[in-house]
Amino acid sequence: MADRLDRPKAENHRFGLRRPRKSDRFGAISEGIARFLGTPRFLVYLTVFVIVWLIWNTWAPEGLRFDNAANGYTALTLMLSLQASYAAPLILLAQNRQDDRDRVSAEQDRQRAERSLADTEYLAREVASLRQAINETATRDFVRSELRSLLEDLQDLDKNAGDDRRR
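A short tour of the structure in this document, coming up. Since this is a predicted model, take the numbers as computed values, not measurements. (Residues numbered from 1 in each chain as written. Predicted model: local features only at pLDDT ≥ 70, side-chain atom pairs only at ≥ 80, totals over all residues. Heavy atoms only, no water.)

1. Re the packing of aromatic side chains
Aromatic rings in a pair are described by how distant their centres are and how their planes are angled relative to each other. The criterion, for reference: Two aromatic rings, drawn from Phe, Tyr or Trp (for Trp, its six-membered ring), form a pair once their centres lie within 6.5 Å of each other, and the interplanar angle then sorts them: stacked below 30 degrees, edge-to-face above 60, tilted otherwise. Under the DSSP-based scheme used, a helix requires at least four consecutive residues in state H or I and a strand at least two consecutive residues in state E, with every element numbered from the N terminus. Each residue gets one of three labels from its accessible area relative to the maximum for its type: buried under 20%, exposed over 50%, partly exposed in between, using a 1.4 Å probe on protein chains only.
Inspection of every chain in the model, using the stated rule, returns 4 aromatic pairs. Centre to centre, the rings of Phe36 and Phe42 are 5.6 Å apart; their planes meet at 75°, and the pair counts as edge-to-face. Judged by centre distance (5.6 Å) and plane angle (55°), the ring pair of Phe49 and Trp53 falls under tilted. One end of the pair, Phe49, and the other, Trp53, are both in helix 3 (residues 40–59), 4 residues apart, so they sit about a helical turn from each other. Using a relative accessible area of 36% as the deciding quantity, one classes Phe49 as partly exposed. Among the aromatic residues, those joined into a cluster by ring pairs are Phe36, Phe42 and Tyr45.

2. Some words on helix 4 (residues 74–136)
Defined as follows: To estimate the expected span of a helix, count its residues, drop one, and scale the result by 1.5 Å. Working rule for contacts: check all heavy atoms of both residues, and any pair within 4.5 Å makes them a contact.
Given a rise of 1.5 Å per residue, 63 residues ought to cover 93 Å, and the 92 Å separating the end C-alpha atoms of helix 4 matches this to within 8%. Those residues of helix 4 that fall on the buried side of the exposure criterion are Leu76, Ala87, Leu90, Ala94 and Arg97. For helix 4, the secondary structure elements touched by its buried residues are helix 2 (25–37) and helix 3.

3. Observations concerning the pattern of salt bridges
Let me state the cut-off plainly: Between Lys or Arg on one side and Asp or Glu on the other, a salt bridge is scored when a side-chain nitrogen of the former is within 4 Å of a carboxyl oxygen of the latter.
Taken as a whole and assessed by the stated rule, the structure comprises 9 salt bridges. A salt bridge links Glu31 to Arg101; the shortest N-O distance between them is 2.3 Å. One end of the pair, Glu31, is in helix 2; the other, Arg101, is in helix 4, and 70 residues separate them in sequence. Using a relative accessible area of 6% as the deciding quantity, one classes Glu31 as buried. For Arg101, a relative accessible area of 34% corresponds to the partly exposed category. Here Arg112 ties to Asp109 by a salt bridge, and the two come within 2.8 Å at their closest N and O atoms.

4. Describing the packing of helix 3 against helix 4
Convention followed: Here the axes come from fitting lines to C-alpha atoms, over the contacting stretch only for helices, and the angles between their N-to-C directions go from 0 to 180 degrees. Here the angle decides the label: under 35 degrees means roughly parallel, over 145 means roughly antiparallel, 65 to 115 means roughly perpendicular, and every other value means oblique. Note: crossing handedness is left-handed where the near helix turns anticlockwise from the far helix by less than a right angle, and right-handed where it turns clockwise. Residues are grouped as follows: nonpolar covers Ala, Val, Leu, Ile, Met, Phe, Trp, Tyr, Cys and Pro; charged covers Asp, Glu, Lys and Arg; every other residue, Gly included, is treated as polar.
Two elements in contact, helix 3 and helix 4, have axes whose closest approach is 11 Å; the angle formed by their N-to-C orientations is 160°. Classified by the angle their axes make, helix 3 and helix 4 are roughly antiparallel. Handedness of the crossing formed by helix 3 with helix 4: right-handed. Contacts from Phe42, Leu46, Phe49, Val50, Trp53 and Leu54 of helix 3 reach helix 4 at Ala75, Leu76, Met79, Leu80 and Gln83. Tallied by class, residues from the contact of helix 3 with helix 4 come to 10 nonpolar, 1 polar and no charged.

5. Here we look at helix 3
As a reminder of what qualifies: The arc in question is the one traced by the directions running from the helix axis out to the C-beta atoms.
Spanning 20 residues, helix 3 covers 28 Å between terminal C-alpha atoms, matching the ideal 28 Å at 1.5 Å per step. All buried positions along helix 3 are accounted for by Phe42, Val50, Trp53 and Asn57. Down the axis, helix 3 shows its buried residues gathered within 65° of arc, on one side only. Turned more than 90 degrees off the buried face of helix 3, the exposed positions are Pro40, Arg41, Val52 and Trp59. Close packing links the buried residues of helix 3 with helix 2 and helix 4.

Given below as structure tokens:
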């Protein structure tokens, strides 16, 4: 009794516990069937089935035949019509599921492209700021030229100071 109270009410069923269901199990099953219907293996199986049906109902003993050739193989026609009537909706369900996956994939691609564009723009701004910083940075040649001019200024001051002492 205590274990029954520990479970949520949704899990309790009149005929016992059900297995937890995936929300899209039917779609996955129908998609699997639709994928199989589109394979060469299915076409070979169907062809073999029809050939066996036709051979059996044509050459089997009269009492064992279940679909008469005189009636145009009515049961075979009904079987193939039934198969086609189930195959069409299953194929449409599979297409809808594929469309949903394609839509999600396209949205993810769009988001990925937006992130890539944002990253590229950010890197371009960073490279531009680094270029500006490098242009403002003193180079070795600039520092040498400044030191030379300061040295020349100091030498000129020294020379002028020496000339002033002699006078």
